[in-house]
Amino acid sequence: MAQGRAHGKVILLGEHAVVYGVPALVAGLSQGAISEAEPEEADRISFNGQPVPEEHELYRGLQLLREYFEVSPVRLDLRLQVPVGSGLGGSASLGLATARALADLSEQSWTAAQLLSAVHQWEKLFHGNPSGIDAAAAQANRVLCYIRGEEPQQLQLQRPLQVGIAVAGPPAPTKQMVDRVAQHRAQEPSTFTNHLRSIQSLVESAQLCLREGDYSGLGYLMDLNQMLLSTWQVSTPEIEQACRTARQAGALGAKLTGSGGGGCVVALLPDDPEPILQAWRSEGLHCFSCEIGREDTQ
Ligand code: PMV
């Protein structure tokens, strides 16, 4: 049997602005996906312990990856540790974990770039035209600076980060939210450009905060990013409430993560994360905490 693991992702700063060339800071979460593959007569997949019906598109994904790595049919056990379809990179994480498991079964050696290319094909099957940000983040529990169309750069952290993630409502389609931001750009181009410049400054300052371990400063920059995102109407009352709850319970900063319109909130946690998680839970929110930058890269 072969096993592969990969990470979920969270955007710490810069979503939406990244579409217009501003850098975004993206992190691989400690939680992600685990994929175990064992040779079998015909493909069989289970997801979080439940058998997956044969017509599910996961079978097409598996076949695509098997052909890529020249592997015969397998029994595939997939486990996903982040909520499905919530903008936390679950699909890229499953793709990379499976690519790693199949690469291992193939007994050939594959470069990281070859694995990423396989995951890109997997992502295309599920998402049409993926930017590659999720697959890049899925590789390791670290922070990347991502500029559209460029190779992501790994950032050095002075010490690990602890973040909390809460699901603040059902996710809206990414395209719908990207279109909404594009409307703001069309209606008020000069204000929009100013906002992009502001977000660029926040992202640049955040890189210094990460390098120097100034996490109070980083949290403040996340709050400012949230304010700018809300002017583009990609926030919701539920997201605002989840951010407020986190800040009042001691979070260093909080914002939406991903495309917004629902989906998840990320909060930067202090040394004791429990009060924030408790506060979210008492409002009925599904939430969890994770570290970034502690584990070795795979
Ligand atoms: O919600 P997600 O994880 O798909 O993030 C989308 C990020 C955006 O900046 C809103 C869109 C993009 O393509 O970068």
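Please refer to the structure placed before this passage.
Residues numbered from 1 in each chain as written. Predicted model: local features only at pLDDT ≥ 70, side-chain atom pairs only at ≥ 80, totals over all residues. Heavy atoms only, no water.

1. With respect to the pattern of salt bridges
One pass over the structure, following the stated rule, counts twelve salt bridges. We note a salt bridge from Glu36 to Arg79, for which the minimum N-O separation is 3.2 Å. Placement of Glu36 in strand E2 (residues 24–39) and of Arg79 in strand E5 (residues 74–80) is noted, with a sequence separation of 43 residues between them. Its relative accessible area of 16% is what places Glu36 among the buried residues. The class for Arg79 is partly exposed, based on a relative accessible area of 37%. Residue Glu38 pairs with Arg75 through a salt bridge whose shortest N-O separation is 2.5 Å. Of the two residues, Glu38 sits in strand E2 while Arg75 sits in strand E5, which places them 37 residues apart along the sequence. Residue Arg75 is classed as partly exposed on the basis of its relative accessible area, which comes to 23%. (Salt bridge = Lys/Arg side-chain N within 4 Å of Asp/Glu carboxyl O. Helix = DSSP H or I, 4+ residues; strand = E, 2+ residues; numbered from the N terminus. Buried < 20%, exposed > 50% of the residue type's maximum accessible area, 1.4 Å probe, protein only.)

2. As for the site of the ligand
Every residue near the ligand is listed here: Lys9, Ile11, Glu15, His16, Val18, Val19, Gly87, Thr174, Val178, Gly258 and Ser259. Between the ligand and Lys9, the relevant distance is 2.6 Å, taken from an oxygen atom to a side-chain nitrogen or oxygen of the residue. Within the backbone of Gly87, one N or O atom sits 3.4 Å away from an oxygen atom of the ligand. Considering the ligand on its own, with 380 Å² of exposed area, one finds that the protein chains cover 82% of that surface. Where the shell around the ligand is concerned, the elements lending two or more residues are strand E1 (2–13) and helix H5 (174–187). By residue class, the composition of the shell around the ligand is four nonpolar, five polar and two charged. (Near = heavy atom within 4 Å. Polar contact = N/O pair within 3.5 Å; in protein donor to acceptor, adjacent residues only side chain to side chain. Areas by Shrake-Rupley, 256 points an atom, 1.4 Å probe, with all protein chains shown as cover. Nonpolar A, V, L, I, M, F, W, Y, C, P; charged D, E, K, R; others polar.)

3. Remarks on the sheet that holds strand E10 (residues 264–268)
Backbone hydrogen bonds are what pair the strands of a sheet, in a parallel or an antiparallel way. Here four strands make up an open sheet; going across it, the order is E9-E10-E8-E11 and the pairing antiparallel. If you trace the sheet from one side to the other, it starts and ends with strand E9 (253–257) and strand E11 (287–292), each paired once. The average undirected angle you get between the axes of adjacent strands in this sheet is 25°. Where strand E8 (residues 161–167) lies against E11, six bridges are found, and the strand directions are antiparallel. Each residue of the ladder has a partner; that of Gly164, found in E11, is Ser289. Each of E9 and E10 touches helix H8 (residues 237–248); the most contacted strand, E9, lies at about 155° to it. (Pairing = 2+ DSSP bridges. Axes fitted to C-alpha atoms, helices over the stretch in contact; angles between N-to-C directions. Contact = heavy atoms within 4.5 Å.)

4. Concerning the packing of helix H1 (residues 58–69) against helix H2 (residues 90–106)
What describes two packed helices is the angle between their axes and the distance between those same axes. Close contact between H1 and H2 brings their axes to 9 Å; oriented N to C, the two are set at 35°. Both H1 and H2 take part in a crossing whose hand is right-handed. In contact with Leu62, Leu65, Arg66 and Phe69 of H1, H2 contributes Gly95, Thr98, Ala99, Leu102, Ala103 and Ser106. Looking at the contact of H1 with H2, its residues break down into six nonpolar, three polar and one charged. (Left-handed = near helix turned anticlockwise from the far one by under 90°.)

5. Describing the packing of aromatic side chains
Inspection of the entire model under this criterion finds six aromatic pairs. Here the aromatic rings of Tyr20 and Phe192 are separated by 5.1 Å at their centres, their planes lie at 80°, and the arrangement is edge-to-face. Of the two residues, Tyr20 sits in the loop between E1 and E2 while Phe192 sits in helix H6 (residues 189–212), which places them 172 residues apart along the sequence. The interplanar angle of 65° and the centroid separation of 4.9 Å between the aromatic rings of Tyr68 and Phe69 together place this pair among those described as edge-to-face. Residue class for Phe69 comes out buried when judged on its relative accessible area of 0%. In this structure an aromatic cluster arises from ring pairing among Tyr20, Phe192 and Trp232. (Phe/Tyr/Trp six-rings, centres within 6.5 Å; stacked < 30°, edge-to-face > 60°.)

6. Notes on the layout of surface pockets
Regions of empty space are outlined by a rolling probe, equal in size to a water molecule, passed over the atoms. Considered as a void within the structure, the second largest pocket measures approximately 300 Å³ in volume. Taken together, 17 residues form the lining of the second largest pocket, with Leu116, Gly132, Ala136, Glu151 and Pro152 sitting closest to its centre. Those elements that place two or more of their residues in the lining of the second largest pocket are helix H3 (112–127), helix H4 (133–138), strand E6 (143–146) and strand E7 (153–154). A total of three residues in the lining of the second largest pocket trace back to one element, the largest contributor, which is H3. (1 Å grid on protein atoms, 1.4 Å probe; cavity = no way out; pocket = protein on both sides within 12 Å on 5 of 7 lines; lining within 4 Å. Points joined across faces, edges and corners; volume = space filled by probe spheres on them.)

7. As for unusual backbone geometry
The backbone of His16 shows a phi angle near 70°, a positive value even though the residue is not glycine. Relative to the helices and strands, His16 is located in the loop between E1 and E2. In this structure, Gln233 is a non-glycine residue whose phi angle is positive, near 60°. In this fold, Gln233 is placed in the loop between helix H7 (215–231) and H8. Assessed through its relative accessible area of 48%, Gln233 is described here as partly exposed.

8. A word on H2
Relative to the 24 Å expected for 17 residues at 1.5 Å per residue, H2 spans 24 Å between its end C-alpha atoms, a close match to the ideal helical length. Taking burial as the measure, the 17 residues of H2 include 14 buried ones, the bulk of the element. One or two positions beyond H2, positive phi appears at Glu107, with a value near 60°. (Expected span 1.5 Å × (residues − 1).)

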